[in-house]
Every structure is written in structure tokens, then in C-alpha cells.
Amino acid sequence: MTTKTAITPTRAENYPEWYQQVVKAADLAENAPVRGCMIMKPWGYAIWEKIQQQMDSMFKATGHKNAYFPLLIPLSFMQKEAEHIEGFAKECAVVTHHRLEQNEEGKLLPAGELEEPYIIRPTSEAIIGDAFSRWVQSYRDLPLLINQWANVMRWEMRTRLFLRTSEFLWQEGHTAHASKEEAIEETLRMLDIYADFAENYLAMPVIKGEKTESERFPGADNTYCIEAMMQDKKALQAGTSHFLGQHFSKSFNIKYLSKEGQEEFVWTTSWGVSTRLIGGLIMTHSDDDGLILPPKMASSHVVILPIIHKEEDRAEILNYCNQVASALRALHYHGQSVSVEIDTRDLPGGEKAWSWVKKGIPLRVEIGKKECAGDMVCTSRRDKAYKDKSLIARAAFLSTIISELDQMQANLFNRAKEFRKHNTKLINTRDDFYEFFKGEGGFALAHWNGSKEVEAKIKSDLQVTIRCVPFTDKEPGVCIFTGEKSAQRVVFAKSY
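Reference entry: report on the structure contained in this document. Small disclaimer: the values here were computed from a predicted structure and weren't measured.

### Quick look at the overall build of the protein
No. 1: Assigned secondary structure in the protein consists of 14 helices and 27 strands.
No. 2: Relative to the compact-globule value of 23 Å for 496 residues, the protein shows a C-alpha radius of gyration of 26 Å, a close match.
No. 3: Its C-alpha atoms give the protein principal-axis dimensions of about 80 × 65 × 60 Å.
No. 4: Here the analysis covers contacts within the protein between residues at least 6 apart in sequence; of these, 68% occur between residues at least 24 apart.
No. 5: Carbon and sulfur atoms form 49% of the exposed surface of the protein, whose accessible area is close to 23100 Å².

### Regarding the environment of A325
No. 1: Relative to the elements of secondary structure, A325 occurs in helix α9 (residues 314-329).
No. 2: Assessed through its relative accessible area of 0%, A325 is described here as buried.
No. 3: For the pair formed by A325 and E455, sequence separation is 130 residues and the distance between their alpha carbons is 56 Å.
No. 4: In contact with A325, other than residues within four places in its own chain, are I304, V340 and I342.

### A closer look at the sheet that holds strand β27 (residues 489-493)
Think of a sheet as strands paired side by side through backbone hydrogen bonds, with each pair either parallel or antiparallel.
No. 1: Strand order in this open sheet of 11 strands is β3-β7-β8-β14-β11-β10-β9-β24-β27-β23-β22, and the pairing throughout is mixed. With partners counted over all chains shown, the strands left at the sheet margins are β3 (65-66) and β22 (424-426), one partner each.
No. 2: In the packing of helix α2 (residues 42-61) onto the sheet, contacts are made with β3, β7 (144-153), β8 (167-177) and β14 (267-274), and the angle to β7 comes to roughly 165°.
No. 3: Relative to the sheet, helix α5 (residues 125-135) contacts β7, β8, β11 (235-245) and β14, its axis offset from that of β8 by approximately 30°.

### Some remarks on the pairing of strand β10 (residues 222-229)
No. 1: When you tally the buried positions in β10, you get 8 out of 8 residues, the bulk of the element.
No. 2: Of the two faces of β10, the one carrying N222, Y224, I226 and A228 and the one carrying T223, C225, E227 and M229 are both buried.
No. 3: Where strand β9 (residues 207-210) and β10 come together, 4 bridges link them in antiparallel fashion. Looking at β10, one finds that G209 is bridged to C225.
No. 4: Note: β10 against β11, 8 bridges, orientation antiparallel. From the neighbouring strand, T223 faces β11, where its bridge partner is H242.
No. 5: From the end of β10 to the start of β11, which pair antiparallel, there are 5 residues, and K233 there has a positive phi angle of about 75°.

### Looking at the packing of aromatic side chains
No. 1: What the rule picks out here adds up to 21 aromatic pairs.
No. 2: Ring centres of Y15 and W18 lie 5.0 Å apart, and the angle between their planes is 35°; on these two criteria the pair is classed as tilted. Pair noted here: Y15 and W18 are both in helix α1 (residues 15-25), with a separation of 3 residues, about one helical turn.
No. 3: Given a relative accessible area of 8%, Y15 falls into the buried group.

### Observations regarding the pattern of salt bridges
No. 1: For the coordinates displayed, the defined rule picks out 25 salt bridges.
No. 2: We note a salt bridge from R164 to E156, for which the minimum N-O separation is 3.4 Å.
No. 3: By relative accessible area, R164 is classed as partly exposed at 32%.
No. 4: Notably, a salt bridge pairs R381 with E404, separated by 3.2 Å at the nearest N-O pair. Of this pair, R381 sits in strand β20 (residues 376-381) while E404 sits in helix α12 (residues 394-422), placing them 23 residues apart in sequence.
No. 5: In this structure E404 comes out as partly exposed when scored by relative accessible area, which is 24%.

### Considerations on the packing of α2 against helix α8 (residues 276-285)
No. 1: Remark: α2 packs on α8, axes separated minimally by 10 Å, with the N-to-C direction vectors making an angle of 110°. Relative to α8, the element α2 lies roughly perpendicular. Across the interface between the two elements, G44, I47, W48 and I51 of α2 pack against L277, I278 and L281 of α8.
No. 2: Of the residues in the contact of α2 with α8, the class split is 6 nonpolar, 1 polar and no charged.

### Quick look at the packing of α9 against α12
No. 1: As a packed pair, α9 and α12 sit with axes 10 Å apart at the nearest point and diverge in direction by 30°. Between α9 and α12, the angle is such that the two are roughly parallel. Every pair of crossing elements has a handedness; the one defined by α9 and α12 is right-handed. Taking contact as the criterion, the partners of Y320, Q323, V324, A327 and L328 in α9 are, on α12, R394, F397, L398 and I401.
No. 2: Of the residues that constitute the contact of α9 with α12, the class distribution is 7 nonpolar, 1 polar and 1 charged.

Definitions and cut-offs
Residues numbered from 1 in each chain as written. Predicted model: local features only at pLDDT ≥ 70, side-chain atom pairs only at ≥ 80, totals over all residues. Heavy atoms only, no water. Helix = DSSP H or I, 4+ residues; strand = E, 2+ residues; numbered from the N terminus. Rg over C-alpha atoms; globule rule 2.2 N^0.38 Å. Contact = heavy atoms within 4.5 Å. Areas by Shrake-Rupley, 256 points an atom, 1.4 Å probe, with all protein chains shown as cover. Buried < 20%, exposed > 50% of the residue type's maximum accessible area, 1.4 Å probe, protein only. Pairing = 2+ DSSP bridges. Axes fitted to C-alpha atoms, helices over the stretch in contact; angles between N-to-C directions. Phe/Tyr/Trp six-rings, centres within 6.5 Å; stacked < 30°, edge-to-face > 60°. Salt bridge = Lys/Arg side-chain N within 4 Å of Asp/Glu carboxyl O. Parallel < 35°, antiparallel > 145°, perpendicular 65-115°, else oblique. Nonpolar A, V, L, I, M, F, W, Y, C, P; charged D, E, K, R; others polar. Left-handed = near helix turned anticlockwise from the far one by under 90°.

In C-alpha cells:
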């Protein structure tokens, strides 16, 4: 007998379509009338707000200040850093006119051609570099640690909600330093913050490492990343941090007067994460009944579902529900009040409960006549089976809910980590490598000699890329493709 699921198709039947249906069923987002863009609905945007709140506090704790820079970037700015503009040229949206005029048929047409076109920011290194050239004069102005929360546009051909859209939300950090060593330290510090956030808040295990030259950010000396495994065994690049060296400081003339009175170019970094993290959260934890939210990422931790069979019981049950909600809101979960919804919609109990299952709320609490009479609550945890319910005294529920949420957070992380472990394989021959990726795939840890040609052939043959050169696994060996020496194993995978 096949178990009926809330989401069809299931992950096993059609993973890409399952993902789209989870987004729809959880009411997270929808496609916009603007090509390749999305409308983030309140339940989805609330996740982004949680990401912003936590990461913003982590950035500020390390000395970074928020600023905001223009959406439009003069074309001449982008041309100052050749490698950078080459990397983004095919994705740029360009503004060429500044007004609309009606023609004889009354149709609106662009008019007033600009003397210089503007690029809608695909990233802000260029315009921030221009600002830094004015803000930095002396070693006393350094380090300059700036972050901005913004939207960007990259004209994507194939889009998928949250994972890849033409316009998306993100944060981008930009810093300037007096020394190369300090800039590299900053680059790695921010990568650690991303990894900390991914694992301890999103409950998404990640591998930290460096990108190969082929996968490096345009204009960077080094790009570092965190890579996560999704439930279809593909990799998701969940955050990047770039050591930019002096490329941008020389292009934009960002100089400072050193303590010794010498004029020097600064060393810069940039780093960012985006709404792609929401896609990663969905694909890491959700099941065939819908979204599962780690408690630290849930805008509401608990939904109370009044079960009213007789109208004469309504007032008593709702009063009891409100008492439980008030007691919950007086509790604190990781620095914030426990957030509670009371669902009083005129819908059958099962329909209401399933709507919250699909939205991924961590805890459901059912309260009817029996619970009121016994000073009890009936609870269900989203990371457990739908029918796995516990009848518990109200006082005991209130005293254990914080530990229950923490257990769920830890369970989701451990479950994802075990999945990654089970689907990661040490591979020592070329034949085994090809067989692995022509089969079920996952993460392959294999020796590689550093050759771009080998890297390109694997990508052409299997659509597999080197996700990162991990900071661990430093044992030298032999490249499985050429037989030449290899400094260490790297992570190969198919990816988003």
C-alpha cells in the first residue's frame, strides 16, 4: 500500500517538481510577471528576515557597519576592472533611456537616451571601490568594514524560485585593509561566520574550502566557499568569501598613506550570501509532506489548533488556547520570545493541521474539550511522523518546550549530516569515478592534479564540477585521472 503524501510528486519521483510544489504548498513565493523574478510571500520573506537579523548581528559583532550604495552603476565603472566585467557581462541588465513617451498609437516607448548607460548592479565591487577611493586617505581609516543588504540583478536564462532568479536579495560585505595578511584573515573570518550560521541556524552541514581557479569569482585572487549537500545529492554553494588582492584598489585608485609616510594600495575583500539560502534550507530538510523549518529559522514556533466540535464549547476552548499562547509568549528561545499562532479559521481540523504541516511550523498543539478538562495539550513535532502525537500536561509542556525545540534543531542537523556522510565516497580510480556519477552520485572525494583541462573534461562528460578544495583532507596522493602527483583530495559533485 502506497502512503499518501501532501506533496506530489515525491522527492523520489521528480525532485525538481517536488521542490516547486513545496514552495507553493508552504506559500513561500511565486513567479512574478517580470521574467525570471519572484514575489516573496510573507511566510517566505519571514525566513529571509530571520536570516538578516541573525547574520546582521554576527557581522556587527565583528566590527562591520551597514551602508547602502546605488542600484545603478555607470558602465565606465564596470570597465575599469576588465576581468570583473568579463565575468558578469553576459548577465548584465542595462539601462539606456531615462523616460517614456507615447507614439502616435498611444504606445509607450523608451525616450531620452542616456549619455552613458547604467548597469543594474550584478554585484557592487565597482561602485563601492569608487567610494572607498574617497573614504580611504590614511592608515588611520583602515580597516574599512562595510556591509550592505540589497537586491541585485543577473539576467539568468533558467530560473528556479530562491535558487536562481534574475533579481534576488542578498548581503554583500566589502572591506579594505592595510596588509595582505589582514585581508586574508578577514576573508576566512567571514567564511567561518557563514559556516557557523549555516550549521547552527539553518541546521545545514557544510564543507569549507577554496574554489579552483576556474570557479573563482571574477577579479579575485582567491575565492572560498561553503558547500552543502541537498537531498538529491547535488551540491549547493551556500556562501562565498573573496580575497580580491589589489586588483580593485589599483583599478579604482584606493590608496592610503602608511605610518611611514608611503602611499600604498589597500587590499580588499568581498563576501556574500543570498536568498539562495532559503532554497538550501528547503532542500536540506523538507519531506514529501512539505516544508520543515529548523526552529531557529521559524518566524512562528508553535501553532495552536482549537478543536471545537460543539458551539457551546467554543468560548472555553478559545480561552484555554489564549492562556497557553500567553504562557508560551512569555518564554524565550535563543534570545527571542516564543512566537505563537492561534488558527481560528473556520476549517475542518485535519485541513488546518495539514496546512501547517506543509508550512513547516516546528510544533503543532491541538486543544479540544478533553485537553481543557484535563489541563493538557496534544503536541506534534514537524520532524516526526504526522500521527506521532503526545498528550502532555500543560505545565510539563511549558517547562519542556525550549528543550523540545533545541532537540528538533539538533535532530535536523544530525539527520542532514548523516545523509551527507552516507552519500560521500572516497574514490581512487577514474572508472569508479565515472561509474559513481553515472549512477546515484553524491560527493566524491578524489585526488586531482590541478589541471584545468581535466576539470573541463569532467564537466563536459558528466556535468560534474570541483565544488571546493577542502581545508581538511590534506593527505597527498595520485591524481585518479592522470596518475600525476596530487596535493590532496577535492570535492566533486553535480551542483545547482
